[in-house]
Number of protein chains: 2
Amino acid sequence: MAEQAIPTSGTAERDAGPIRARKHRGATSGASRPATIYDVAAAAGVSHQTVSRYLKGFEGIRPETRAKVERALADLEYRPNLTARSLTTGRSRRIGALTHDIDKYGPSKLLGAASAAARDAGYVLDIVTLDTGDTASITQALAMIAEHDVEGILALSSTDEMTSAFERIDFRVPALIATELDEPVRVESQLATVGMPALVRHLSSLGHRTILHLAGPSQWSAARNRTRALASATAEDGLTIVRTIEGDWSAASGYAAIKVLADLDATAIVSANDQMALGAMLALGERGLSVPGDVSVTGIDDIPDAAFFCPPLTTLRMDLNGSGRDAVRELISRIDGSEAHDPRAVQSELIVRRSTGPAPR
Amino acid sequence: MAEQAIPTSGTAERDAGPIRARKHRGATSGASRPATIYDVAAAAGVSHQTVSRYLKGFEGIRPETRAKVERALADLEYRPNLTARSLTTGRSRRIGALTHDIDKYGPSKLLGAASAAARDAGYVLDIVTLDTGDTASITQALAMIAEHDVEGILALSSTDEMTSAFERIDFRVPALIATELDEPVRVESQLATVGMPALVRHLSSLGHRTILHLAGPSQWSAARNRTRALASATAEDGLTIVRTIEGDWSAASGYAAIKVLADLDATAIVSANDQMALGAMLALGERGLSVPGDVSVTGIDDIPDAAFFCPPLTTLRMDLNGSGRDAVRELISRIDGSEAHDPRAVQSELIVRRSTGPAPR
DNA sequence: AACGGCGATGTTACCGGTAATATCAAGGAG
DNA sequence: CTCCTTGATATTACCGGTAACATCGCCGTT
């Protein structure tokens, strides 16, 4: 109440100093614009630089000065203006996230994990979604992100178009595509229960020798990765992939793949994700084939619904939370110039449910 | 090549003028920092203000001046710095989005639609996710968003905690919770095929009179909205809700609800979303009840997988894309101070599949 | 007692834009 | 022919911070 913008006494004049005048801010709080460090400095009777130093955590401030600043900060409900800070420091504490298919399980799970990891590190994610996966739309989205002054760029959909855009464009900031590692790392002590080898061994131990592979779209690196892992694991265990059909991750594509097939030729279907497995199981039912009596079916991801499919789906649980988090941490460490963490393979774990059973004779 | 930061001749001095000196930028392009309007102005031999005016689309610029500016802009690959612009204008072109359960279908679908609508209007979404829905975590997230200088705030999860946080906090910017409208609007011409009344009429016409209601968590406004719509529609058609069990949207909760039930007492189960319906159907199967032979089951949302459940699920397709888009448009119109659109009810459409059939005698 | 060093604080410049004001040349009126 | 007006452009101030440098008072030294 006593404080005014225009000095009316010698004391006030000395306190305020010849600092840049603020035109507004009558009372200490209210509907006026948020307080700046200049307002705080004036209220505390110090220079704005002292306030800035305090906020930065600078030690060498006398206790009484410190107390005045703290008091003023609290009185004025000061909140730093990140825009102004980022203009001088170049640090915006923002990461651009690029994604399409955000309503699909994988990308949205990754996004959630990435966002949580970013928040914990004091960053927010600027998200830009793509309607289509074509190069033009990716380029345009990247331009949009770039204008918004992000410190790093994270892509949550790892397709060939995305990869090529990332290789072609000079971002001036660290950029990263969150993806499953191309070469799965073997965790020696858990080899038998981890990942695709475990899945294949499970099928093999049930007597299956012939596999129909429902693959993901080949321009996705995750799809290629899964296909490669399956090929390598089946080769090792002596199983045969009698047929590979490429879907688009959707249940509809899994359904269509099985529906149009003249002959199944296999006792097990290994799908690159749970949704396609779901579609496949429905189509099998409509052909009069029972799961797992006639055909065993497996998925990948372990989406929450998979445990309630009919029958509940045997699948590989992917640690997408972990990979989203790791991707952001890796990106932030590149931003900060600190040492990168070791890139870790996505952890996966075999979840056996009722969709797999002994191979029919 | 000929241009240098330090004037070495009268000509250069006149061209550059007594403007703030730039220390860097030797060649016109390369690994140096991005060009500013001052660089462009120097290259074009005009003042930075002329460049600014050009960028703003100001008309009164002489054609030859305009040409010089355009040339310089292209040569230097100028990209505006949104941070600097937003510091003076107060327009950041950012909307803060607050959400949890982003890996669930509803929120992620809303987010995708919101992001697309924002992008089309030149905004990006700053997303902050919540681990938990409690008030403290919401408050903290909102503080984080506020620092990041957004022009509006959009919540994508409409729970009581969110609502109360929104009422308690003064954001200084428009804030909006994306939610289904509390009072469904009736589209007269389509009354019979739209929304909950259509769903109930469908069950009624199949001879069902008793309904078990699998409700969503009551702190979600969408859950309350759906429950209310069901109550009103059943009352109108003379059906009885014999029991209401509250789940948490997950298939697991739908499964558990039916699993522990001593007696079903109803010929139809109306679930507040598709996932709980999925869980319920599995539990029904395990009790030896067939769908739809013994019990009919319906969901809400029409998630992409619902058409491939076993059996495929009769459900209400919700236009979440539309509501996400509308929420952002509404928010942006409030930001711009323009007239708000009419709030529209979420459009929903009855999708009849095989999970509903004639009531058993 | 004069002085150098140093810790605490104040002053100025700068980030990259936009807004407001100033300048300047050309054209029209008196 | 001079003055005023006006359109085009230049200059300056400002947004809210941070960084670099300047200042000032107090201390111990010789």
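1. Focus: the overall build of chain A
Line of reasoning, step 1. Broken down by element type, chain A carries 13 helices and ten strands.
Line of reasoning, step 2. Buried positions account for 50% of the 361 residues belonging to chain A.
Line of reasoning, step 3. Pairs at least 24 apart in sequence give 71% of the contacts found in chain A among residues at least 6 apart.
Line of reasoning, step 4. Counting every atom, chain A has about 16,600 Å² of accessible surface; 51% of that belongs to carbon and sulfur.

2. Topic: the confidence of the model for chain A
Residue and element names in this part refer to chain A.
Line of reasoning, step 1. Chain-level statistics for chain A give a pLDDT mean of 85 and a share of 85% at 70 or above.
Line of reasoning, step 2. Scored below 50 in pLDDT, residues 1–31 shows 23 contacts in the model against residues more than four places distant or in partner chains.
Line of reasoning, step 3. Across residues 182–193, where pLDDT falls below 50, the model places 14 contacts with residues more than four positions away in sequence or in other chains.

3. A short note on the relation of the copies chain B and chain A
Line of reasoning, step 1. Mapping chain B onto chain A leaves a residual RMSD of 0.1 Å; the transformation is a rotation of 180° accompanied by 0.0 Å of translation along its axis. Taken together, the rotation and translation relating the two chain copies correspond to the operation of a two-fold axis. Among all residues of chain B, the minimum C-alpha distance to the rotation axis is found for Asp126(B), at 2.2 Å.
Line of reasoning, step 2. An overlap of 98% is found between the interface residues of chain B and their copies at the interface of chain A, pointing to a shared contact surface.

4. Considering the sheet that holds strand E9 (residues 314–318) of chain B
Residues and elements named next belong to chain B.
Line of reasoning, step 1. Pairing is mixed in the open sheet, where six strands are placed in the order E6-E5-E7-E8-E9-E10. Two strands close off the open sheet at either side, each with one partner strand: strand E6 (240–246) and strand E10 (348–351). The mean angle between the axes of side-by-side strands here comes to 20°, regardless of whether they run parallel or antiparallel.
Line of reasoning, step 2. Bridge count between strand E5 (residues 210–215) and strand E7 (residues 268–271): four bridges; the pairing is parallel. Bridge pairing links isoleucine 211 to alanine 268 in E7.
Line of reasoning, step 3. Set on the sheet, helix H12 (residues 274–286) makes contact with E5, E7, strand E8 (296–301) and E9; between it and E8 the angle comes to about 160°.

5. A word on the nonpolar core
Line of reasoning, step 1. The biggest cluster of nonpolar side chains holds 138 residues, and the ones touching the most others in it are Leu111(A), Leu154(A), Leu111(B) and Leu154(B).
Line of reasoning, step 2. Other than its neighbours up to four places away in sequence, Leu154(B) contacts Ile95(B), Gly96(B), Ala97(B), Leu98(B), Ala114(B), Leu176(B), Ala178(B), Ala327(B), Val328(B) and Leu331(B).

6. Some points on helix H6 (residues 105–120) of chain B
All names here are of chain B.
Line of reasoning, step 1. In this model, H6 (16 residues) spans 23 Å end to end at C-alpha, consistent with the 22 Å of a helix rising 1.5 Å per residue.
Line of reasoning, step 2. For H6, the buried fraction is high: 15 of the 16 residues fall into the buried class.
Line of reasoning, step 3. Downstream of H6 by a residue or two, glycine 122 has a phi angle that is positive, lying close to 85°.

7. A look at the packing of helix H2 (residues 37–44) of chain A against helix H4 (residues 63–75) of chain A
Residue and element names in this part refer to chain A.
Line of reasoning, step 1. Two elements in contact, H2 and H4, have axes separated by 8 Å at closest approach and are oriented at 125°. Viewed along their axes, H2 and H4 adopt a mutual orientation that is oblique. Along this stretch, H2 crosses H4, giving a crossing that reads as right-handed. Across from Val40, Ala43 and Ala44 in H2, the residues of H4 making contact are Lys68, Val69, Ala72 and Leu73.
Line of reasoning, step 2. Residues of the contact of H2 with H4, tallied by class, amount to six nonpolar, no polar and one charged.

8. A look at the interface of chain B and chain A
Line of reasoning, step 1. Every contact between the two is made by 54 residues of chain B and, on the other side, 53 residues of chain A.
Line of reasoning, step 2. Of the roughly 4,700 Å² buried between chain B and chain A, counting both surfaces, carbon and sulfur atoms make up 58%.
Line of reasoning, step 3. For chain B, the biggest contributors to the area lost against chain A are Arg119(B), Glu147(B) and Phe308(B); these three give 15% of the whole.
Line of reasoning, step 4. Counting the contacts that link chain B with chain A gives ten salt bridges.

9. What about the state of the cysteines?
Line of reasoning, step 1. Applying the stated criterion across every chain, the model contains one disulfide over all chains.
Line of reasoning, step 2. Two residues, Cys310(A) and Cys310(B), share a disulfide whose sulfurs are 2.1 Å apart. Of this pair, Cys310(A) sits in the loop between strand E8 (296–301) and strand E9 (314–318) while Cys310(B) sits in the loop between E8 and E9, which puts the two residues in different chains.
Line of reasoning, step 3. For Cys310(B), a relative accessible area of 34% puts it in the partly exposed group.

10. Digging into the sheet that holds strand E2 (residues 124–129) of chain B
Line of reasoning, step 1. Taken in spatial order, the eight strands make up an open sheet running E4(A)-E3(A)-E1(A)-E2(A)-E2(B)-E1(B)-E3(B)-E4(B), and their pairing is mixed. Sheet topology places strand E4 (175–177) of chain A together with strand E4 (175–177) of chain B at the edges, where each strand pairs with a single neighbour. Taking the axes of each pair of neighbouring strands and ignoring which way they run, one obtains an average angle of 25° across the sheet.
Line of reasoning, step 2. With respect to the sheet, helix H6 (residues 105–120) of chain A is in contact with strand E1 (94–99), strand E2 (124–129) and strand E3 (152–155) of chain A together with E2 of chain B, its orientation differing from that of E2(B) by roughly 75°.

11. What about the environment of Ala280(A)?
All names here are of chain A.
Line of reasoning, step 1. Examined against the element boundaries, alanine 280 turns out to sit in helix H12 (residues 274–286).
Line of reasoning, step 2. A residue is classified by how much of its surface remains accessible, and alanine 280, at 0% relative accessible area, is buried.
Line of reasoning, step 3. Note: C-alpha distance between alanine 280 and glycine 254 (26 residues apart in sequence) is 4.8 Å.
Line of reasoning, step 4. When near neighbours in sequence (up to four residues on either side) are disregarded, alanine 280 contacts Leu214, Gly254, Tyr255 and Ile258.

12. Points about the side chain of Lys109(A)
Line of reasoning, step 1. The residue Lys109(A) is located in helix H6 in this model.
Line of reasoning, step 2. Setting aside residues up to four positions removed in sequence, Lys109(A) forms contacts with Leu320(A), Asn321(A) and Asp103(B).

13. Examining the packing of aromatic side chains
Aromatic ring pairs are defined here through the distance separating the ring centres and the angle between the ring planes.
Line of reasoning, step 1. Applying the stated criterion to the full structure yields four aromatic pairs over all chains.
Line of reasoning, step 2. Taken together, a centroid distance of 6.1 Å and an interplanar angle of 85° make the contact between Trp220(A) and Trp249(A) edge-to-face. Remark: Trp249(A) occurs in the loop between strand E6 (240–246) and helix H11 (251–259) and Trp220(A) occurs in the loop between strand E5 (210–215) and helix H10 (221–237); sequence separation between them is 29 residues.
Line of reasoning, step 3. Residue class for Trp249(A) comes out buried when judged on its relative accessible area of 11%.
Line of reasoning, step 4. With a centroid separation of 5.5 Å and an interplanar angle of 55°, the aromatic rings of Tyr255(A) and Phe308(B) are classed as tilted. You can see Tyr255(A) sitting in helix H11 and its partner Phe308(B) sitting in the loop between E8 and E9, one on each of two chains.
Line of reasoning, step 5. A residue is classified by how much of its surface remains accessible, and Phe308(B), at 12% relative accessible area, is buried.

Rules and cut-offs
- Residues numbered from 1 in each chain as written.
- Chains lettered and ligands numbered in written order.
- Predicted model: local features only at pLDDT ≥ 70, side-chain atom pairs only at ≥ 80, totals over all residues.
- Heavy atoms only, no water.
- Helix = DSSP H or I, 4+ residues; strand = E, 2+ residues; numbered from the N terminus.
- Buried < 20%, exposed > 50% of the residue type's maximum accessible area, 1.4 Å probe, protein only.
- Contact = heavy atoms within 4.5 Å.
- Areas by Shrake-Rupley, 256 points an atom, 1.4 Å probe, with all protein chains shown as cover.
- pLDDT = per-residue confidence, 0-100.
- Least-squares fit on C-alpha atoms with pLDDT ≥ 70 in both.
- Pairing = 2+ DSSP bridges.
- Axes fitted to C-alpha atoms, helices over the stretch in contact; angles between N-to-C directions.
- Core = buried A, V, L, I, M, F, W, Y, C linked by side-chain atoms within 4.5 Å.
- Expected span 1.5 Å × (residues − 1).
- Parallel < 35°, antiparallel > 145°, perpendicular 65-115°, else oblique.
- Left-handed = near helix turned anticlockwise from the far one by under 90°.
- Nonpolar A, V, L, I, M, F, W, Y, C, P; charged D, E, K, R; others polar.
- Buried area = accessible area lost by both parts, 1.4 Å probe.
- Salt bridge = Lys/Arg side-chain N within 4 Å of Asp/Glu carboxyl O.
- Disulfide = S-S within 2.5 Å.
- Phe/Tyr/Trp six-rings, centres within 6.5 Å; stacked < 30°, edge-to-face > 60°.

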